[in-house]
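Understanding the architecture of this molecule
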Amino acid sequence: MHQLVNALHTFKVHERLAKVTISHSCLTQCWNKYKIPCIRKDTHDNHKGNKKMCSFKGCGGSRNVAISKSIGNVLIFVDADDRLKCERVSVLKNTLELFSSKFQSENVLIGSDFIRIPKGSTPRYEAFHRSLKTDDMLCYAFRDMPIIMPTLGCYRSVIDRIGGFREGGNGSLVSEDLELLYDHLLEGGKLIKVNQILVEYRHHEEMTSMKLSRSYLMSVRVKGFEKLVLKYWNSFSIWGAGRDGKAVFRMLSSENQEKVKAFLDIDPVKIQRKWLHRKQIMHFSHAVPPIACCVALDRTNGDFERNVKSIPELIPGQNLFFLV
């Protein structure tokens, strides 16, 4: 058995999908040289016909258990309801080794492209992530998890450095993937995207991510943005004087609210109001970087995206970040 790579396989024993997908995902593929710890995502059990609930620390807790049961220095994460391409482990492992050799560092998270099953279940979500390249990772890191968890791989040292995944407790859920991302970036970590489809990512109603509220996820992203970006900015503008721009502003600390110099928009009604949270509302053509963009993508037949590109001073990932 090869002891370099661990495919960490987590599942929920009470999901009907688990019975089918475990046997049709990594366990049936030609990975006999890899160690595959299989860990339950929760501790619900059915003992003599009676359901018994034990301690539940969420997906983060189960991943930490899987890591503690594994050996070797490369970790590849697997969910039972997803299907992996046979070449996934070798592609991620080889890419990690190339990065380590080139930069003399193991401090990197790596992911890949995926396709959704059932086909067409989340077309906009899939198209957005398929469009991302390595150079886009930081620019969109506060809009969504740029490396989807079922595609994630890394060196064990990355997890050890940040102390593992955040865990839930008392029935609470946490966005352990986003928290991992920001903890990693705070440690100076890098991100790599392999633009190759290596995972079939299943969408279903029991996904843990479907149970996390929009406002909670936005609060996690805003806090990450404050720690990783706003601490270096003396002032900035918020592009979007609508619902999302207002929500982001309210979630900022009072110190960072003071850094907001203006709201930017294209809507003449909003611009005529002139003020929002005691900040001026200006037409986007008067934008002065840096900018936190709080306008939904792919909703205006490309008009918004063209407006962003019309401002030559904007450099994605440096003075332009997307939060929505």
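Report on the accompanying structure. None of these values were measured; they are calculated from a predicted model.

Turning our attention to the overall build of the chain. Of regular secondary structure, the chain possesses 11 helices and 15 strands. Counting the 324 residues in the chain, one finds 51% classified as buried. Taking all contacts inside the chain whose residues are at least 6 apart in sequence as the whole, residues at least 24 apart take part in 75%. With an accessible surface of roughly 16000 Å², the chain has 51% of that area assigned to carbon and sulfur atoms.

Contact geometry of helix α6 (residues 176-186) with helix α7 (residues 214-228) gives a least axis separation of 10 Å together with a crossing angle of 0°. By the angle between their axes, α6 is roughly parallel relative to α7. Where α6 abuts α7, its residues Leu178, Glu179, Tyr182, Leu185 and Leu186 lie against Leu217, Val220, Arg221, Gly224, Lys227 and Leu228. Here the residues of the contact of α6 with α7 sort into seven nonpolar, one polar and three charged.

Strands pair in a sheet through their backbones, by hydrogen bonds, and they do so in one of two ways: parallel or antiparallel. In space, the six strands of this open sheet follow the order β12-β13-β11-β10-β14-β15, with mixed pairing throughout. Looking at the sheet topology across the chains shown, the edges are occupied by β12 (275-276) and β15 (320-322). Relative to strand β14 (residues 291-293), strand β10 (residues 236-239) is paired through three bridges, and the arrangement is parallel. Its bridge partner being in β14, Ser237 is matched across the sheet by Ile291. Here helix α8 (residues 243-251) sits on the sheet and contacts β10, β11 (260-265), β12 and β13 (279-283); the angle it forms with β11, its principal contact strand, is near 165°.

Before going further, it helps to examine helix α3 (residues 88-103). Look at α3: 23 Å from first C-alpha to last across 16 residues, which is about the 22 Å you get at 1.5 Å a residue. Restricting attention to buried positions, one finds in α3 the residues Arg88, Val89, Val91, Leu92, Lys93, Leu96, Phe99 and Ser100.

Formed by 63 residues in total, the largest nonpolar core has its most connected members in Phe142, Phe225, Trp239, Phe322 and Leu323. Residue contacts for Phe322: discarding those within four places in its chain leaves Cys139, Tyr140, Phe142, Arg143, Cys293, Leu297, Phe304 and Val308.

The subject of this paragraph is the packing of α7 against α8. Close contact between α7 and α8 brings their axes to 10 Å; oriented N to C, the two are set at 60°. Judged by the angle between their axes, α7 and α8 are oblique. The hand of the α7/α8 crossing is right-handed. Listed contacts from α8 to Arg214, Ser215, Met218, Ser219, Val222 and Glu226 of α7 are Arg243, Asp244, Ala247, Val248 and Met251. Of the residues in the contact of α7 with α8, the class split is five nonpolar, two polar and four charged.

Attention shifts here to the environment of His184. As for its position among the elements, His184 is in helix α6. For His184, a relative accessible area of 1% puts it in the buried group. Sequence-wise, His184 and Arg161 are 23 residues apart; in three dimensions their C-alpha atoms are separated by 8.3 Å. The contacts of His184, once residues within four sequence positions are left out, are Asn107, Val108, Leu109, Val158, Ile162, Gly189, Lys190 and Leu191. Of note is the side chain of His184, whose polar atom sits 2.8 Å from the backbone oxygen of Lys190.

On to the pattern of salt bridges, then. All chains considered together, the criterion is met by 13 salt bridges. Of the charged contacts in the structure, one is a salt bridge between Glu179 and Arg166, with a shortest N-O distance of 3.4 Å. Of this pair, Glu179 sits in helix α6 while Arg166 is found in the loop between α5 (156-162) and α6, placing the two residues 13 residues apart along the sequence. With a relative accessible area of 17%, Glu179 lands in the buried category. Residue Arg166 is classed as partly exposed on the basis of its relative accessible area, which comes to 35%.

Before going further, it helps to examine unusual backbone geometry. Residues other than glycine predominantly adopt negative phi, and peptide bonds predominantly adopt the trans conformation. Between Ile117 and the following residue, Pro118, the backbone shows a cis peptide bond with an omega angle of -5°. Relative to the helices and strands, Pro118 resides in the loop between β7 (108-117) and α4 (123-131). Looking along the chain, the bond that leaves Pro289 and enters Pro290 is cis, with omega of 5°. Among the secondary structure elements, Pro290 is positioned in the loop between β13 and β14. Look at His277: it is not a glycine, yet its phi comes out positive at around 50°. Along the chain, the position of His277 falls in the loop between β12 and β13.

For His204, the position within the fold is in the loop between β9 (190-202) and α7. Under the relative-accessibility criterion, His204 is labelled buried at 12%. At a separation of 2.6 Å, a polar atom in the side chain of His204 contacts the side chain of Asp81.

What counts, and where the lines are drawn
- Residues numbered from 1 in each chain as written.
- Predicted model: local features only at pLDDT ≥ 70, side-chain atom pairs only at ≥ 80, totals over all residues.
- Heavy atoms only, no water.
- Helix = DSSP H or I, 4+ residues; strand = E, 2+ residues; numbered from the N terminus.
- Buried < 20%, exposed > 50% of the residue type's maximum accessible area, 1.4 Å probe, protein only.
- Contact = heavy atoms within 4.5 Å.
- Areas by Shrake-Rupley, 256 points an atom, 1.4 Å probe, with all protein chains shown as cover.
- Axes fitted to C-alpha atoms, helices over the stretch in contact; angles between N-to-C directions.
- Parallel < 35°, antiparallel > 145°, perpendicular 65-115°, else oblique.
- Nonpolar A, V, L, I, M, F, W, Y, C, P; charged D, E, K, R; others polar.
- Pairing = 2+ DSSP bridges.
- Expected span 1.5 Å × (residues − 1).
- Core = buried A, V, L, I, M, F, W, Y, C linked by side-chain atoms within 4.5 Å.
- Left-handed = near helix turned anticlockwise from the far one by under 90°.
- Polar contact = N/O pair within 3.5 Å; in protein donor to acceptor, adjacent residues only side chain to side chain.
- Salt bridge = Lys/Arg side-chain N within 4 Å of Asp/Glu carboxyl O.

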